[in-house]
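A closer look at the structure
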Amino acid sequence: YMNSESRLKYPVMFSGKDRMVELEGEAYFQVVHHEDAPFIVKTSQMAIKVLGTEFNVSAYAEDSIIRTTLVRGSVKISSEVSGESVVLHPGEQSALNRGDHSMLVSEADVSYAMAWKEGRLRFKEKPLKEVMKIISRWYDVDVFYMNQQVKDYHFSAWFKRSSSINEVINILEKTKKISLDLKGRILTVKDISRN
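Glancing now at the nonpolar core. Core analysis: the largest hydrophobic core is formed by 27 residues, its most contacted members being L128, M132, I135, L172 and I178. At the level of elements, helix 1 (110-114), strand 9 (120-127), helix 2 (128-139), strand 11 (154-160), helix 3 (165-173), strand 12 (178-183) and strand 13 (186-191) are the ones that each hand at least two residues to this core. Per-element tally for this core: the top contributor is helix 2, with six residues. Excluding residues within four positions of it along the chain, L172 makes contact with M132, I135, F155, F159, I178 and L180.

Below you can see the structure in the form of structure tokens.
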């Protein structure tokens, strides 16, 4: 399954001993284990070797963190730069920092990583800049901030993918922290919490 603004590069037919694909963006994979032909997902700085599993990878070019969330099975994550590797277990998420190439593994609520696949947008205490990045992708709008400090305000919410952008705007404005103005494809965000 592919999320918006994502690209998957793969050969017409796999040859050799690996089944390798290249991802930019976000995708959910269900892979059958094949010992003689491992499945590998490559991103700009990381390779994920699949050991028969279901997992989500978020590797948008503009994001500073590449996240892999394991639903079931196991995967081996390897940094292309540092050489560091880890094996994830179900319910874990790796976060590879593109800047310093560090990798962190933590417990994860898989339902948040999988919400897009199920037709929902779901956020839990996410900075507005991350929320707006996703809304920008889903609704094909450009976001402009009147006040830079709003980017760090945290929001929790969920929306159906079928919700119109106006419905999303109305819900976010109910927080009384921000106002949103949509003109064409430009969504302007303004801080109103300090008034």
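Back to the text.
Another aspect to go through is the sheet that holds strand 10 (residues 142-145). The three strands lie next to each other as 10-13-12, forming an open sheet whose pairing is mixed. Since the sheet does not close on itself, it has two edges, and those belong to strand 10 and strand 12, each with one partner. Averaged over all pairs of adjacent strands, the angle between strand axes in this sheet comes to 25 degrees, irrespective of strand direction. Alignment of strand 10 against strand 13, held across four bridges, turns out to be parallel. What sits directly across from F144, in strand 13, is T188. Along the sheet, helix 2 makes contact with strand 10, strand 12 and strand 13, crossing strand 10 at roughly 150 degrees. Lying on the sheet, helix 3 is in contact with strand 12 and strand 13; it crosses strand 12 at an angle near 160 degrees.

Taken together, the buried positions of helix 3 are I165, V168, I169 and L172. Taken down its axis, helix 3 places every buried residue within 100 degrees of arc, on the same side. Structurally, helix 3 contributes buried residues whose contacts are with helix 2, strand 11, strand 12 and strand 13.

Reading guide: rules and limits
Residues numbered from 1 in each chain as written. Predicted model: local features only at pLDDT ≥ 70, side-chain atom pairs only at ≥ 80, totals over all residues. Heavy atoms only, no water. Core = buried A, V, L, I, M, F, W, Y, C linked by side-chain atoms within 4.5 Å. Buried < 20%, exposed > 50% of the residue type's maximum accessible area, 1.4 Å probe, protein only. Helix = DSSP H or I, 4+ residues; strand = E, 2+ residues; numbered from the N terminus. Contact = heavy atoms within 4.5 Å. Pairing = 2+ DSSP bridges. Axes fitted to C-alpha atoms, helices over the stretch in contact; angles between N-to-C directions. Arc of directions from axis to C-beta.

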